[in-house]
Amino acid sequence: MVLSILIVPLAAGLACVALPARAAAAVTVASGLASFALVLAVVPAAAHHDLSYLSYLRVDALSAIFLLATGFLYGAVAMYAVGYLKGHHDRRFYAGLNLFAWAMLAAPLMSSLALLWIAVEVTTIISALLVAIEDTDGAAEAAWKYVLIASTGLGLALLGTVFAYYAGSQVLGEHYNLAIGPLIAAGPHLPHIPATLAFLLALLGYGTKVGLFPVHTWLPDAHSEAPTPVSALLSGSLLAVSFYAILRFYQFTAAALGSALPRDALLAFGMASLLLAALYVFGQRDVKRLLAYSSVVSFGAPVALAGVMLHVLAHAAAKGNAFMGAGVFTVKFGSKQISALRGGLDLLPWSGPLFLLAVFALAAMPPSGIFRSEFQIVYGGLAAGNYAAAAALIAGVTVAFFGLTASATRMLFTPAQLRARSGISRGEPSAWMVVPVIAGVAVLFILGLHPPAELNGLIHRAVTELGAA
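Everything numeric in this text was worked out from a predicted model, so none of it was measured.

1. Focus: the pattern of salt bridges
Here comes step 1: Tallied over the entire structure, the rule returns nine salt bridges.
Here comes step 2: Among the ionic pairs, Lys145 bridges to Asp221, the shortest N-O distance being 2.8 Å. Taken as a pair, Lys145 in helix H6 (residues 137–172) and Asp221 in helix H9 (residues 218–225) lie far apart in primary sequence, 76 residues in all.
Here comes step 3: Taken together, the shared-partner salt bridges in this structure form one network comprising Asp50, Arg58, Asp60, Arg248, Arg461 and Glu465.

What follows is the structure, encoded as structure tokens:
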């Protein structure tokens, strides 16, 4: 099953290159749903022991959580794309979508830091092509900006990987191959300076893909110009995969130096990102840029690891829902400008209320999974004495709540006065664009009200792997 998680989306992506567009759409939906089913099948085993294959692939509890987030979003977006591209199917898009999902599923499966870096680099190349696929000047500019910033960041992450190799080779020998497990086990014996440099470079380098301040500037442009299915994957999954890479460096650095230094460094970048992005939410005119800045808020406060693990899953569902809901608005009204999106609750009987629920979830309203995860983060921060970080999280989320809900209120509750003149009729553009969002809402409620026992066990084991009680 571990090998199949890699093979299925890769085979689908290659097949879509040669297949007719309609067949490519069917293959993409089948691949997305099959990949999510395979990830679900791996979770029970990963909650109890590590899985490995050919010494290159490895699944533990931490990687299983990120596989779950990507697998769910891949399946949802694959279905959504059929409705989004209705009448304009493009096999290049479907090929890129499958290959993008394959790269993001591959990253948590990699058993070494070198292979992890390669997988994240592949996500950059494929996602940049997808951002520019609509062939407009704005899309080309956003893709170019994304490639420049992300490549610079990944260059720093590569240097951090070199320092990690140096630190590991001092204990494990010159033939050490950057395998994650042995490096963590050797943590107490690693030289401190190379381990510190490795983590700080990885934090800044992979932080460019997470969208941490001050290297977040590519994020709103790319999200705004990319097709909506790609925006959902960029925000809900790619940011999480890059955060996963940071956590792998966090593991061995905490084992070598204790958790204080990597935790404080992560918090410093996270708090700055959270507070800046919360302010940027105000005054946005483009609905997708608005949601892009809320992504930075979501990954800005890694105070308590148990809450962070749940947050990864809830964020994938909520951000996927929000972007897919925004995509319905842009298709319905033919614009991304918030000023042009009016009367959503009247004109979109399903997508209007679902988008409202997604906004409430992003604003951490109960009983969503994000409310539960951020409550755990705040509680954990207060229990650990991180009062300033917990207070900053509450302030940032509160500010973001007002910014998000103000824009959503205008989109949903302001009457569509020009409805008759513009010829916009009541109804959904496509059922394919509604069903995945309903599934996302169900996931958010499950995570908020009663997470499955297997998931709780997985999260507990992942936190233990990260070296937290």
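So, next bit.
2. Structural notes on the nonpolar core
Here comes step 1: Judged by nonpolar contacts, the single largest core of 167 residues is most densely connected at Tyr206, Met309 and Leu458.
Here comes step 2: In this structure Tyr206 touches Leu116, Trp117, Val120, Gly153, Leu154, Ala157, Ser242, Ala245, Ile246 and Phe249, once residues within four positions along its chain are discounted.

3. Structural notes on unusual backbone geometry
Here comes step 1: The omega angle of the peptide bond from Pro366 to Pro367 is 5°, so this bond is cis rather than trans.
Here comes step 2: Considering the arrangement of structural elements, one finds Pro367 in the loop between helix H15 (351–362) and helix H16 (369–383).
Here comes step 3: Not every positive phi belongs to a glycine, and Ser55 is a case in point at roughly 65°.
Here comes step 4: As for its position among the elements, Ser55 is in the loop between strand S1 (51–53) and strand S2 (57–59).
Here comes step 5: Notably, Leu178 is not glycine yet its phi reads approximately 70°, a positive angle.
Here comes step 6: Along the chain, Leu178 turns up in the loop between H6 and helix H7 (180–185).

4. Some details on the packing of aromatic side chains
Centre distance and the angle of the planes are the two values used to describe a pair of aromatic rings.
Here comes step 1: Going through the model one piece at a time under the given rule, you end up with 12 aromatic pairs.
Here comes step 2: Taken together, Tyr206, Phe249 and Phe252 form an aromatic cluster joined through their ring pairs.

5. As for the environment of Leu14
Here comes step 1: Among the secondary structure elements, Leu14 is positioned in helix H1 (residues 2–18).
Here comes step 2: Spatially, the C-alpha atom of Leu14 lies 34 Å from that of Leu201, the residues being 187 residues apart in sequence.

6. Section: the side chain of Ser63
Here comes step 1: With respect to the helices and strands, Ser63 occurs in helix H3 (residues 61–84).
Here comes step 2: Only 2.9 Å separates the side chain of Ser63 from the backbone nitrogen of Asp60, close enough to count as a polar contact.
Here comes step 3: Ignoring sequence-local partners within four residues, the contact set of Ser63 consists of Arg58, Pro108, Tyr244 and Arg248.

7. Considerations on a nonpolar patch on the surface
Here comes step 1: On the surface, a nonpolar cluster with roughly 500 Å² of combined accessible area is contributed by Leu3, Ile7, Tyr53, Leu54 and Tyr56.
Here comes step 2: Residue position: Tyr53 is located in strand S1.
Here comes step 3: On the basis of relative accessibility, which here comes to 36%, the residue Tyr53 falls in the partly exposed class.

8. A word on the confidence of the model for the chain
Here comes step 1: On average, residues of the chain carry a pLDDT of 87, and 95% of them reach 70 or more.
Here comes step 2: Long-range and interchain partners of residues 297–302, a stretch whose pLDDT sits below 50, account for 25 contacts in this model, where long-range means more than four residues apart.

Conventions adopted
- Residues numbered from 1 in each chain as written.
- Predicted model: local features only at pLDDT ≥ 70, side-chain atom pairs only at ≥ 80, totals over all residues.
- Heavy atoms only, no water.
- Salt bridge = Lys/Arg side-chain N within 4 Å of Asp/Glu carboxyl O.
- Helix = DSSP H or I, 4+ residues; strand = E, 2+ residues; numbered from the N terminus.
- Core = buried A, V, L, I, M, F, W, Y, C linked by side-chain atoms within 4.5 Å.
- Buried < 20%, exposed > 50% of the residue type's maximum accessible area, 1.4 Å probe, protein only.
- Contact = heavy atoms within 4.5 Å.
- Phe/Tyr/Trp six-rings, centres within 6.5 Å; stacked < 30°, edge-to-face > 60°.
- Polar contact = N/O pair within 3.5 Å; in protein donor to acceptor, adjacent residues only side chain to side chain.
- Patch = residues over 30% accessible without salt bridge, like charges linked within 9 Å, V, L, I, M, F, W, Y side chains within 5 Å.
- Areas by Shrake-Rupley, 256 points an atom, 1.4 Å probe, with all protein chains shown as cover.
- pLDDT = per-residue confidence, 0-100.

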